[in-house]
Number of protein chains: 2
Amino acid sequence: MASATTSTGRSRMGRPPAHDNPRQRIVQQAAALFAQKGYEAASLGELAAAMGVSKAGIYHYFPTKQHIYDAIILGVLSGLVDQVGLAVQACQAAPDKLRAFMTEHARYFEANYNGFVVMLVGFSGISAPELKQEAMRLRDQHERMLRAIIDQGLDEGVFASGNPATVGRAVLSMLNWMVRWFKPGAGQSAEQVALQYHDLITRGLMAPVR
Amino acid sequence: MASATTSTGRSRMGRPPAHDNPRQRIVQQAAALFAQKGYEAASLGELAAAMGVSKAGIYHYFPTKQHIYDAIILGVLSGLVDQVGLAVQACQAAPDKLRAFMTEHARYFEANYNGFVVMLVGFSGISAPELKQEAMRLRDQHERMLRAIIDQGLDEGVFASGNPATVGRAVLSMLNWMVRWFKPGAGQSAEQVALQYHDLITRGLMAPVR
């Protein structure tokens, strides 16, 4: 699982994979455009030009720009939940699960950088109520997975006392804020950063009292 | 220092203080409007209407909307650096300084919630190069203050080994991400959240090996 993810993850950075699925191609290209220019400023005309197709070729699959936005967010979230879920399920002990959650989330973020930027930067939101509900369900599922790991570690006594909600928020804050400063392919990988964050919050900053 | 900050900080939440300074009043009201609607969607006409003045009354102080935006960002950043700097300087030991940095940052964030949302959410950026440089200087000053605290703790052996850049990033990620979920006046104060984050990263999650 982990090695397969890394090999696809690293090769996909920067450019969308050559999908046969035109819907998927539009979503990938739109994510790159929205991430670069911002959702408000980007137009379907630019998107069509960048893809070498007519605007009608895009309208055939998506009636509005908002529909493409919704597809980006739901695609990113469902992929995140699936991929991190598989990595976590491959572990038994809570500390291993926490490490897998953080590193797999970071790997997925780097491989899907544009979609994350569109999702986590800016004011736009999903419009259709049923899709918004689906997006919130996926986000909650991701957060619940993390809290369950913390709960397990507390129950088993491998984690010291702590509020699972606070720990979960701290972990996701560190991972999510990466959209604001991390640049794929420049310096450390997102996974390396996540490992350092993981060491910090598991071991703590204080030196043992001598 | 800390008590003076708390008393002004808590009372300022939600509504701008009654400033005699019209520039400052415009900045406060604009921050509230931009935070609510987004910078792009908000107009100077709405701002004037909300303040009960004419658009000319705003143009008298700020030639464009962008100038107000720049004033919001520089005001928030310089106040943050000053207030956190004073709180940190009042401490001697590195662990106390780290605690003061985190709690004072959180208090200032809650008291200046709208300005933080404008600064940290959305795509807009400061336009004039000299103001952008000033904003980056202030941001770097804040981050350097934090890294110096970590360095001091490592030098004195109270902090275990760790990369000061990573620790600094982790701390600021947790504090900055609060713009995305924290609501002033609902539930815990920002300072209480910051204290829990502080305990997590100083003590660490792992239980001592028995």
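For clarity, every value in this text was computed on a predicted model and none was experimentally measured.

Things to note about the overall build of chain A
For chain A, the count of helices and strands is ten helices and zero strands. Each helix and strand of chain A, placed in order from N terminus to C terminus, yields the pattern α-α-α-α-α-α-α-α-α-α. Of the contacts formed within chain A by residues at least 6 apart in sequence, a portion of 71% connects residues at least 24 apart. Entry remark: accessible area of chain A is about 9800 Å², with carbon and sulfur atoms responsible for 52%.

Let's talk about the interface of chain B and chain A
The interface is formed by 38 residues belonging to chain B together with 38 residues belonging to chain A. Across the chain B to chain A interface the summed buried area is about 3600 Å²; carbon plus sulfur atoms make up 67%. Taken together, the connections running from chain B to chain A amount to zero salt bridges. For the interface between chain B and chain A, the tally reads four residue pairs in polar contact (both at pLDDT 80 or more). Looking at the side of chain B that touches chain A, the elements with two or more residues in it are helix H2 (22–37), helix H6 (94–111), helix H7 (113–120), helix H9 (164–176) and helix H10 (190–203) of chain B. Of the residues contributing to the side of chain B that touches chain A, the split by class is 24 nonpolar, ten polar and four charged.

Observations concerning the relation of the copies chain B and chain A
Once turned by 180 degrees and shifted 0.0 Å along the axis, chain B lies on chain A with an RMSD of 0.0 Å. Such a turn and shift between the copies fits a two-fold axis. When the interface residues of chain B are mapped onto chain A, 100% of them again fall at the interface, so both copies present the same face.

Re the environment of Thr202(A)
With respect to the element layout, Thr202(A) can be found in helix H10 (residues 190–203). Through-space distance from the C-alpha of Thr202(A) to that of Lys183(A) is 25 Å; in sequence the pair is 19 residues apart. Aside from chain neighbours lying at most four places away, what touches Thr202(A) is Leu98(A), Gly204(B), Leu205(B) and Met206(B).

Structural notes on the pattern of salt bridges
Residues and elements named next belong to chain B. Throughout the structure, instances matching the rule amount to 14 salt bridges over all chains. The salt bridge involving Glu-104 is made with Arg-107; its shortest N-O contact spans 2.5 Å. Of this pair, Glu-104 and Arg-107 both sit in helix H6, three residues apart, which is roughly one turn of that helix. Judged by its relative accessible area of 2%, Glu-104 is buried. For Arg-107, a relative accessible area of 12% translates into the label buried.

Some points on the nonpolar core
Ile72(A), Phe101(A), Ile72(B) and Phe101(B) are the most contacted members of the largest nonpolar core, which has 128 residues in total. Once you skip the residues sitting within four places of it in the chain, Ile72(A) turns out to touch Val27(A), Ala30(A), Ala31(A), Phe34(A), Gly115(A) and Val118(A).

Regarding the packing of aromatic side chains
Inspection of the entire model under this criterion finds 15 aromatic pairs over all chains. Centroid distance Phe34(A) to Tyr39(A): 5.1 Å. Interplanar angle 85 degrees. Geometry classified as edge-to-face. For the pair Trp177(A) and Trp177(B), a centre-to-centre distance of 6.4 Å together with 80 degrees between the ring planes defines the contact as edge-to-face. Linking Trp177(A) in the loop between helix H9 (164–176) and H10 with Trp177(B) in the loop between H9 and H10, this pair reaches from one chain into another. For Trp177(A), a relative accessible area of 9% translates into the label buried. Joined through ring pairs, the aromatic side chains of Tyr108(A), Phe109(A), Tyr113(A), Phe116(A), Trp181(A) and Phe182(A) make up one cluster. We note Lys65(A) situated over the ring of Tyr39(A); from NZ or CZ to the ring centre the distance is 4.4 Å. Its guanidinium or amino end placed over the ring of Trp181(B), Arg169(A) lies 3.6 Å from that ring's centre, counting from NZ or CZ.

Observations regarding the side chain of Thr166(A)
As for its placement among the helices and strands, Thr166(A) is situated in helix H9. Every residue in contact with Thr166(A), bar those within four places of it in the chain, is listed here: Gln196(B) and Tyr197(B).

Re the confidence of the model for chain A
Residues and elements named next belong to chain A. On average, residues of chain A score 86 in pLDDT, and 87% of them are at 70 or above. Within chain A, the lowest mean pLDDT, 39, falls on helix H1 (residues 2–12), and the highest, 97, falls on helix H6 (residues 94–111). pLDDT under 50 marks residues 1–17. Its contacts with residues more than four places away, or in other chains, come to 22 contacts. For this predicted complex, the interface confidence reaches an ipTM of 0.83, while the overall pTM sits at 0.85.

Some points on the packing of H6(A) against helix H8 (residues 129–155) of chain A
Residues and elements named next belong to chain A. At a minimum axis separation of 8 Å, H6 and H8 run at an interaxial angle of 155 degrees. The pairing of H6 with H8 is recorded here as roughly antiparallel in orientation. Seen along the crossing, H6 lies across H8 with a hand that is left-handed. Touching Ala-94, Lys-97, Leu-98, Phe-101 and His-105 of H6 are His-142, Met-145, Leu-146, Ile-149, Ile-150, Gln-152 and Gly-153, all from H8. Taken together, the residues of the contact of H6 with H8 sort by class into seven nonpolar, four polar and one charged.

Describing H9(A)
Helix length check: H9(A) (13 residues) gives 18 Å between terminal C-alpha atoms against 18 Å at 1.5 Å per residue, within 8%. Residues Pro164(A), Thr166(A), Val167(A), Gly168(A), Ala170(A), Val171(A), Leu172(A), Ser173(A), Met174(A), Leu175(A) and Asn176(A) constitute the buried set of H9(A). Buried-residue contacts for H9(A) involve H6, helix H7 (113–120), H8 and H10 of chain A together with H9 and H10 of chain B. Between a side-chain oxygen at the N-terminus of H9(A) and the backbone nitrogen of Ala165(A) the separation is 2.9 Å; the capping residue is Asn163(A).

Thresholds applied
Residues numbered from 1 in each chain as written. Chains lettered and ligands numbered in written order. Predicted model: local features only at pLDDT ≥ 70, side-chain atom pairs only at ≥ 80, totals over all residues. Heavy atoms only, no water. Helix = DSSP H or I, 4+ residues; strand = E, 2+ residues; numbered from the N terminus. Contact = heavy atoms within 4.5 Å. Areas by Shrake-Rupley, 256 points an atom, 1.4 Å probe, with all protein chains shown as cover. Buried area = accessible area lost by both parts, 1.4 Å probe. Salt bridge = Lys/Arg side-chain N within 4 Å of Asp/Glu carboxyl O. Polar contact = N/O pair within 3.5 Å; in protein donor to acceptor, adjacent residues only side chain to side chain. Nonpolar A, V, L, I, M, F, W, Y, C, P; charged D, E, K, R; others polar. Least-squares fit on C-alpha atoms with pLDDT ≥ 70 in both. Buried < 20%, exposed > 50% of the residue type's maximum accessible area, 1.4 Å probe, protein only. Core = buried A, V, L, I, M, F, W, Y, C linked by side-chain atoms within 4.5 Å. Phe/Tyr/Trp six-rings, centres within 6.5 Å; stacked < 30°, edge-to-face > 60°. Lys NZ or Arg CZ within 6 Å of the ring centre and 35° of its normal. pLDDT = per-residue confidence, 0-100. Axes fitted to C-alpha atoms, helices over the stretch in contact; angles between N-to-C directions. Parallel < 35°, antiparallel > 145°, perpendicular 65-115°, else oblique. Left-handed = near helix turned anticlockwise from the far one by under 90°. Expected span 1.5 Å × (residues − 1).

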